[in-house]
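Chain residues, written in single-letter form:
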Number of protein chains: 2
Amino acid sequence: VLIAIDAMGGDFAPGEVLRGVALAIDRGFVKPEELALVGIEAKVEEARVAAKCPPVRVVHATQTVDMSEKPAEAFRRKKDSSMVRAIELAKGGEAQAVISLGNTGAFVACAQLLLGLLPGVKRSGIAVTLQTKGGPCTVIDVGANIHCKPQHLFQYGAMASTFARDVLAVQAPRIGLLNIGEEEGKGNELVKETRDLFDGSPLNFVGNIEGQDLFGGRCDVVVCEGFVGNVVLKVAEGLGSFVTSEMKALLASMTTDKNAAASSNGGKLKELFEGFVRRLDYAEYGGAPLLGVNGLVMIGHGRSDARAVMNAIRVSRDFIKAGVNDHIRALIKPTSLAGSESSSAD
Amino acid sequence: VLIAIDAMGGDFAPGEVLRGVALAIDRGFVKPEELALVGIEAKVEEARVAAKCPPVRVVHATQTVDMSEKPAEAFRRKKDSSMVRAIELAKGGEAQAVISLGNTGAFVACAQLLLGLLPGVKRSGIAVTLQTKGGPCTVIDVGANIHCKPQHLFQYGAMASTFARDVLAVQAPRIGLLNIGEEEGKGNELVKETRDLFDGSPLNFVGNIEGQDLFGGRCDVVVCEGFVGNVVLKVAEGLGSFVTSEMKALLASMTTDKNAAASSNGGKLKELFEGFVRRLDYAEYGGAPLLGVNGLVMIGHGRSDARAVMNAIRVSRDFIKAGVNDHIRALIKPTSLAGSESSSAD
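Residues numbered from 1 in each chain as written. Chains lettered and ligands numbered in written order. Predicted model: local features only at pLDDT ≥ 70, side-chain atom pairs only at ≥ 80, totals over all residues. Heavy atoms only, no water.

1. What to know about unusual backbone geometry
Step number 1: In this chain, I140 of chain A is followed by D141 of chain A through a cis amide linkage whose omega measures 5°.
Step number 2: Following the sequence through the fold, D141 of chain A ends up in the loop between β6 (135-140) and α6 (150-166).
Step number 3: Although it is not a glycine, A169 of chain B adopts a positive phi angle of roughly 60°.
Step number 4: Position of A169 of chain B among the secondary structure elements: in the loop between α6 (150-166) and β7 (175-178).
Step number 5: On the accessibility criterion, A169 of chain B (58% relative accessible area) is exposed. (Helix = DSSP H or I, 4+ residues; strand = E, 2+ residues; numbered from the N terminus. Buried < 20%, exposed > 50% of the residue type's maximum accessible area, 1.4 Å probe, protein only.)

2. Description of the pattern of salt bridges
Step number 1: This structure, assessed with the given rule, holds 36 salt bridges over all chains.
Step number 2: Salt bridges linked by common partners bring D80, R85 and E88 of chain A together as one network. (Salt bridge = Lys/Arg side-chain N within 4 Å of Asp/Glu carboxyl O.)

3. Here's the deal with the side chain of K234 of chain A
Step number 1: Note on placement: K234 of chain A falls in helix α8 (residues 226-255).
Step number 2: Judged by its relative accessible area of 16%, K234 of chain A falls in the buried class.
Step number 3: A polar side-chain atom of K234 of chain A sits 3.0 Å from a polar atom in the side chain of N230 of chain A.
Step number 4: In terms of polar contacts, K234 of chain A uses its side chain to reach the side chain of E210 of chain B, at 2.3 Å.
Step number 5: Residue contacts for K234 of chain A: discarding those within four places in its chain leaves I180, E210, G211 and Q212 of chain B. (Polar contact = N/O pair within 3.5 Å; in protein donor to acceptor, adjacent residues only side chain to side chain. Contact = heavy atoms within 4.5 Å.)

4. Overview of the sheet that holds strand β11 (residues 296-300) of chain B
Residue and element names in this part refer to chain B.
Step number 1: Within the open sheet, the 11 strands sit side by side as β3-β2-β1-β4-β11-β10-β5-β6-β9-β7-β8. Their pairing is mixed. Two strands lie at the open edges of the sheet, namely β3 (57-60) and β8 (205-209), each paired on one side alone. Recorded for the sheet is a direction-independent mean angle of 25° between the axes of neighbouring strands.
Step number 2: When strand β10 (residues 287-291) meets β11, the two strands line up antiparallel, connected through three bridges. In the strand pairing of β11, G287 is matched with G300.
Step number 3: Strands in contact with helix α11 (residues 306-322) are β1 (3-6), β4 (97-100), β10 and β11; relative to β11, the strand with the most contacts, it is inclined by about 160°. (Pairing = 2+ DSSP bridges. Axes fitted to C-alpha atoms, helices over the stretch in contact; angles between N-to-C directions.)

5. Some points on the pairing of strand β2 (residues 35-39) of chain A
Residue and element names in this part refer to chain A.
Step number 1: Most of β2 sits out of view: five of its five residues are buried.
Step number 2: Burial of β2 is two-sided: the residues L35, L37 and G39 facing one way and the residues A36 and V38 facing the other way are all buried.
Step number 3: The parallel pair strand β1 (residues 3-6) and β2, bridged by helix α1 (residues 15-26), forms a crossover whose chirality is right-handed.
Step number 4: Read from β2 through helix α2 (residues 41-50) to strand β3 (residues 57-60), the crossover connection turns out right-handed. (Right-handed = clockwise from strand over helix to strand, strands pointing away.)

6. Examining the packing of α6 of chain A against helix α12 (residues 324-332) of chain A
All names here are of chain A.
Step number 1: Two elements in contact, α6 and α12, have axes separated by 10 Å at closest approach and are oriented at 140°. By the angle between their directions, the pair α6 and α12 is classed as oblique. Of the two elements, α6 crosses α12, and the hand of that crossing is right-handed. Taken together, the residues of α12 that come into contact with α6 (itself represented by Q155, A158, M159, T162, F163, R165 and D166) are V324, H327, I328, L331 and I332. (Parallel < 35°, antiparallel > 145°, perpendicular 65-115°, else oblique. Left-handed = near helix turned anticlockwise from the far one by under 90°.)

Below you can see the structure in the form of structure tokens.
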């Protein structure tokens, strides 16, 4: 395994990236020789030393991609950026995975253009895993593809259920289609036609689900088009952070009561609260794979902390070791899942 | 003011509806003579007595609309249902508002068919008000219209901002367009074209917003198409109830510690927690108006409790007293807001 990491991507790069790398090495998720850090060498080295991270190979790249940069421009103008160079390591076969916490749009566009798609796959999709009452729930797509066709959504279900089984250890993942009602016949044309494709397939499709089911443990994979998935994910993040700030205020008002603060109760409350916040935390799964591309592209949140970086490395390693892309290839290629156009177009 | 209430609509009807009516009368939000309860007379009377509600006029209707009934069928086959009869009171001018917690799809369809739209309005939209960090935030549409055109979304913004100003007392409500990025040029064709309409209008449009802004206080009105709005609302509900159940488990684990339970801390925590849950609670605004119809149609959540029913009555009264529909008429009719087709079609 060799994982290429865009050391300059993310709001707190390269410092937080290197702290995450150090954590991953320390916990035994990877060996230093299994990593390649791509970025401005002097800055990466400085951050590495500050993070007390053991020596790791650094691949120098002179440019960085801005968070606000347009995807197409990043691809055209930033040939020597840490992001593009990291993807090229994967393209050349030198690395099996590439991780970036940088500009998501640019990362998706550059990865698609440089790596291409797996045979038979029509579109790539970003698969984010949420923690819910019923364990992990993987939502695909959250923004790679806002012009979805039924065949795209159908393949998303197939790919994400392979990921959930291989990496998240979910047995026979239940696939749900995000809709505005459970009954057949509900929703717009896109979801109605997608439902027909799932119904006629061997996949473990449980039918339409609604927004509230996302956190209710009714399914393990939620399929939706990128516009809806992106909004849903951000609403959940926004509500989560609203709840967290309210809870912090609640805790603060508790501890202004000096007796309360002094009691063992106060400490216990704090501890329980922290566990609760962690359950809502995106960092648990570290990153979101861009499923369908010919390679492993792991997208990290720009605000990722060291723990999220560590988990992105861990999930990348599991993804490669489990052979997820081989399984997707085997599932999509020879079957009806590749769709009617596959024989000619691919 | 006369408000017609479908006494048989909702998961806990007629009991919870009558308890809500009793509360609204008790708090002075309405007088008994300002209400008409529509439903199976004997059942409504029984529930009224059980709720210790003062005598209210009951309009007998022999049928009820089922929660699972298809909207078109409800309209065709349930002419003597409590829902249809209640709407007819508004159509005849006898009532100024109609409230139902029953089958939302059927209520929307019957109301649109019986009452029609305000002059110049292209489509009606459901406006739900959420509690957020920045105060109330009204989201339109959450499911009345899943085949939206830019002109529909544009009018939604105009109507919901009138509602927010008149009923929620928000000065110059800021309108945001729900999108997958803030930058101009982001998103699908629908949002791009809608943005152009807002940009060229006198409305207080603040641009694209993203999912996380819904609870962040960046705007007072959020415009989106019905599919997205419906999913977003239900995701928020699902996450809210997930958080609430987690918190209850946390509280329970606190109180198994007997010393903790005995301390004043335990009681204070419970009280603070209840305040917190209330802040997340949809019941605060009681119901969601179907904006754009020629009348006031207030949609209640099927799971509404007495407090939500009381608040739906209170908001209905405020809506009528403030003359919201007159203001919408004045805003839409003579201006470009009515769109290019208005002169011929309406």
